[in-house]
Amino acid sequence: MSSALAEFKNLVGTKFEMYNSLFTSLPFHRVEKTGILLSLFLLHCEEGFRKEQSPAEIIESFFRQYTTYENEKDQIDLLFRFIQYSERQVVLFDALEDAAFGATHDMNGSGTLKQLQAEVIQSNAQQALAEKLKDFSVRMVLTAHPNQFYPSEVLGIIHDLGKALLRDDTVLVNTYLQQLGKTPFFKKKKPTPYDEAVNLIWFLENVFYHSAGNILSFLTNEFPGVVTEKNQLIRMGFWPGGDRDGNPFVKADTTLKVAEALRGSIIKCYYRDVRLLKGRLTFQGVDTLLATLEDRLYKNLFIPGYKADLSKEEITDTLKEIRDILIEKHNSLFLAKVNNLLTKVNLFGLFFASLDVRQDSSAHKELIEQIAEKTSVLPENYTSLSDEAKIKTLQSVDALVVDTDIDKDAFETLLTIQTVQKFNGSEGCHRYIISHTTSAVDVMEVYALFVMAGWKKEHLTVDFVPLFETIGDLQNAAKAMTLLYQNEAYQKHLKRRDRVQTIMLGFSDGTKDGGYLMANWSIYKAKEELTRISREYDVEVVFFDGRGGPPARGGGKTHQFYASMGQNIANKEIQLTIQGQTISSNFGTREAARYNIEQLMHSGISNGLFSSRTATMSQSEEQLLQELSDESYDAFRILKDDPDFLEYLNFASPLRYYAEANIGSRPSKRKAGKLNLNDLRAVPYVGAWSQLKQNIPGYYGVGIAFEKMEKEGKWNQVMELYQSSLYFRTLIGNCEMAMSKCFFPLTAYLSKHPKYGVLWNMFHDEFMRTKKYTLMLTGKSELMSERETDQLSIQMRQRIELPLITIQQYALTMIREKGNKVDSPGVEIFEKLVMRCSFGIINAERNSA
């Protein structure tokens, strides 16, 4: 047993059992009886599933054997109490894991900056490091994707509970558990986009501000002269308030309001630090400088209407002056504290996080068509023009659109970017992301819209970021970018933007479109090809990965993907989205954030410095992966095209209740109307499979592809690929994680269903097939056995959530039996059961949506 596993068992497993006993003091009705009955119910579920009973049979037999409840109202009341109790158990487990993070992870070991320091010194690579760090950075973009099922109040309690657990303060732990008992988990109304922004700003203030600042201070101290204030090694991005894609509630004034909140938040952080410095720097010549700076920050924060021309340079100049005085006159006393604040100001400026604006290409197309129809800015026949003719027309646009009948907010949004740049600095808002980019026209239409809104071409301080998502679009991405690079107007624009082009690649919709293996491989191949053509046109390409929490949405052990990239893929920067639940689970504490940021930084830096360790795949290896992906894609396409596929998910899972969970401002579908896979958002799609405990998007087609390779006598080649390619091992490792969170006995009652039984058996067969071949590849007897701490965490979490998934499936069964009609007697209460279970299940999974 490893030391990390031993620590986990002691600090998480044992303590969970111990503190779980405090739950009997929770302020719930008949709480002691609930706790005892829940323990019995858990054992009854385990036994029932072993006997191949359905959730309905398990619950009905439980009521007969262990309670005297005969009427439905009393029985449902007990199930709701089970949910309340289980939800709080999940919170306790989360807080214990957070508190034990430093003990269960080697904070100076593999993948950390301490290890990088040792590697650089050992290899005498200081000069190579200085060269790499000139333009390397990790940009983490916080998004408000609706997969954070904890309300902000509960996240606050987890944070405080973790601290109390770390100190073993049982009295305080008990107090927080009681607070938890009185704090609702379910919101009665949806959050606004501004609410979502405020919730995420909490993480910026309380976690990233400190962790990122400390990481850069460490690097500056350890590599003096190598890391300077010019190195922007860590960058924060922000989507709430700027992401309009499918969210009609985000308007131009929302963007402005969020930008103001970000500016106010970072000034508040500086103000706090300056006040702390004042308590230490009480020396002559320094105290007055600090007092003046404090006054300037205070007025910006607290005096309404105070229009100070505060700039980042004013703050840094004052701190540098203080630093010089400390060195010259005060023996460098408390110099480290001043340098730490200076590092943070250089890092976060007055913007804290760059606010990205995003919209779907179809919305721009619609707007352009209106302009062509109602104004003379574009030719009337624009829609019938060829792509080449459209681009020629768009690049020569030089007129404003003043027609008030045309989408006013869309144009105001484009001008809002100018306003944000004026107050927060040019980095405050400088990227416009175009979702579902299919061609060069999609980018040039946005370029033209900026000009029509009033931007001057020569002063267009905005980067246009195409987002390629579906398999077809990923395969066509290089062609689209080639046309852009060849365009004279866009070439001039790129020159003004230092010839840097950011391209976003979407894992979520790729998986939804082509299955797990094909989506990941298509993105890898797109990066290869885009790197090649960008170098050909002397453009520095930067890839921005749209990743979610689970492997099916590009999550899992993310840093390993970046460490495994070959030298034929641009690695100047690492950019990725950090979404909802992943923010709190991977970056919820300063320790966890520091560790995970360091893992990302290490993977990118070491990949560049020690490239010999990550061999670029050979042509034969790529060919084998292409064959595997093609076979997997064919299998997934058969499944996706089955008319019952989406109906099965809607029938068996809580998919239709996602929109009612009030966890996000964004609708669960892009467009109203009949449910279809194209318009269904990836979060509810993947999250529904996760609650069903089938996780189809995380492995389906992999087993079929492996079986085909074995039949063709290529299994040894697959084994060799697994041994030689870190990229392939990472793909399979994340696949293992998705399968480890499956539990098919939950839905085995559907195996004989007259309509959906065939599909259930297809899913189960592919799960068993993929598991069989994965274990053959790894040479292990269990999934994830090489990551034993993660494996134990998943197993313990699955035990906590077993009552919840059982109750949810039971409630769905009852809804179907009552005719699926909203006005049927008793349907509404079962629908509430379904939704309430969702919270505990998703939270227990930590990266399930």
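Refer to the structure presented above.
Residues numbered from 1 in each chain as written. Predicted model: local features only at pLDDT ≥ 70, side-chain atom pairs only at ≥ 80, totals over all residues. Heavy atoms only, no water.

(A) Layout of the overall build of the protein chain. A tally of regular secondary structure across the protein chain gives 34 helices and 9 strands. For 849 residues, the compact-globule estimate of 2.2 N^0.38 gives 29 Å, and the C-alpha radius of gyration of the protein chain, at 28 Å, lies within 12% of that figure. Within the protein chain, buried positions represent 61% of all 849 residues. Long-range pairs, those at least 24 residues apart, make up 81% of the contacts in the protein chain between residues at least 6 apart in sequence. (Helix = DSSP H or I, 4+ residues; strand = E, 2+ residues; numbered from the N terminus. Rg over C-alpha atoms; globule rule 2.2 N^0.38 Å. Buried < 20%, exposed > 50% of the residue type's maximum accessible area, 1.4 Å probe, protein only. Contact = heavy atoms within 4.5 Å.)

(B) Representation of the packing of aromatic side chains in the model. Within this structure, the stated rule accounts for 44 aromatic pairs. With a centroid separation of 5.8 Å and 45 degrees between ring planes, the pair formed by Y485 and Y537 is classed as tilted. In this pair, Y485 is assigned in helix α19 (residues 471-486) and Y537 in the loop between α22 (516-536) and β8 (540-546), connecting sequence segments 52 residues apart. According to the relative accessible area criterion, Y537 is partly exposed, its value standing at 23%. (Phe/Tyr/Trp six-rings, centres within 6.5 Å; stacked < 30°, edge-to-face > 60°.)

(C) Structural view of the pairing of strand β5 (residues 431-435). The buried fraction of β5 is high, at 5 of 5 residues. Alternating residues of β5 divide into R431, I433 and S435 and Y432 and I434, and every residue in both groups is buried. Note: strand β4 (residues 357-360) against β5, 4 bridges, orientation parallel. Its bridge partner lying in β5, V357 is registered against Y432. When β5 meets strand β6 (residues 463-468), the two strands line up parallel, connected through 4 bridges. Bridge pairing links R431 to D463 in β6. (Pairing = 2+ DSSP bridges.)

(D) The pattern of salt bridges, seen in detail. One pass over the structure, following the stated rule, counts 46 salt bridges. Between K344 and D273 there is a salt bridge, with its nearest N and O atoms 3.4 Å apart. Taken as a pair, K344 in helix α14 (residues 335-348) and D273 in helix α11 (residues 252-280) lie far apart in primary sequence, 71 residues in all. Since its relative accessible area comes to 15%, D273 is described here as buried. (Salt bridge = Lys/Arg side-chain N within 4 Å of Asp/Glu carboxyl O.)

(E) The arrangement of the state of the cysteines in detail. Considering all chains together, one arrives at 0 disulfides under this definition. No disulfide involves C742; its sulfur sits 9.4 Å from the nearest other cysteine sulfur, which is in C735. For C742, a relative accessible area of 10% corresponds to the buried category. Here C837 is not cross-linked by a disulfide; its sulfur's nearest cysteine counterpart is in C45, at 11 Å. (Disulfide = S-S within 2.5 Å.)

(F) Highlighting α14. With 14 residues, α14 extends 20 Å from end C-alpha to end C-alpha; this agrees with the ideal 20 Å at 1.5 Å per step. Most of α14 is tucked away: 11 of the 14 residues are buried. Buried within α14 are the following residues: L335, V338, N340, L341, L342, T343, K344, V345, N346, L347 and F348. Contact partners of the buried residues in α14: α10 (193-222), β2 (234-238), α11 and α13 (312-329). Taken from the residues just after α14, G349 is the one with a positive phi, measuring 50 degrees. (Expected span 1.5 Å × (residues − 1).)

(G) Expanded view of the nonpolar core. Counting 262 residues, the largest nonpolar core has M140, F238 and F728 as the members making the most contacts within it. At 14 residues, helix α4 (residues 72-99) tops the list of elements feeding residues into this core. For M140, the contacting residues outside a window of four places in its chain are F208, I234, R235, M236, G237, L576, I578, F587, I597 and L600. Membership of the second largest hydrophobic core comes to 7 residues, among which are V141, W239, L467 and F544. (Core = buried A, V, L, I, M, F, W, Y, C linked by side-chain atoms within 4.5 Å.)

(H) Fine view of α19. With 16 residues, α19 extends 24 Å between its outermost C-alpha atoms, agreeing within 8% with the 22 Å of an ideal straight helix rising 1.5 Å per residue. Remark: the principal bend of α19, roughly 45 degrees, maps to A477. Every buried residue belonging to α19 is among I471, D473, L474, A477, A478, A480, M481, T482, L484 and Y485, and all of these are buried. (Bend = angle between axes of the 7 residues up to and from the residue.)

(I) Local environment of the pairing of strand β1 (residues 137-143). In terms of residue burial, β1 counts as a mostly covered element, since 7 of its 7 residues are buried. Along β1, one buried face is formed by S137, R139, V141 and T143 and the opposite face, lined by V138, M140 and L142, is buried too. Bridge count for β1 against strand β9 (residues 573-579) is 7 bridges, and the pairing is parallel. Paired with M140 across the two strands is L576, which belongs to β9. Note: β1 against β2, 5 bridges, orientation parallel. In the strand pairing of β2, L142 is matched with F238.

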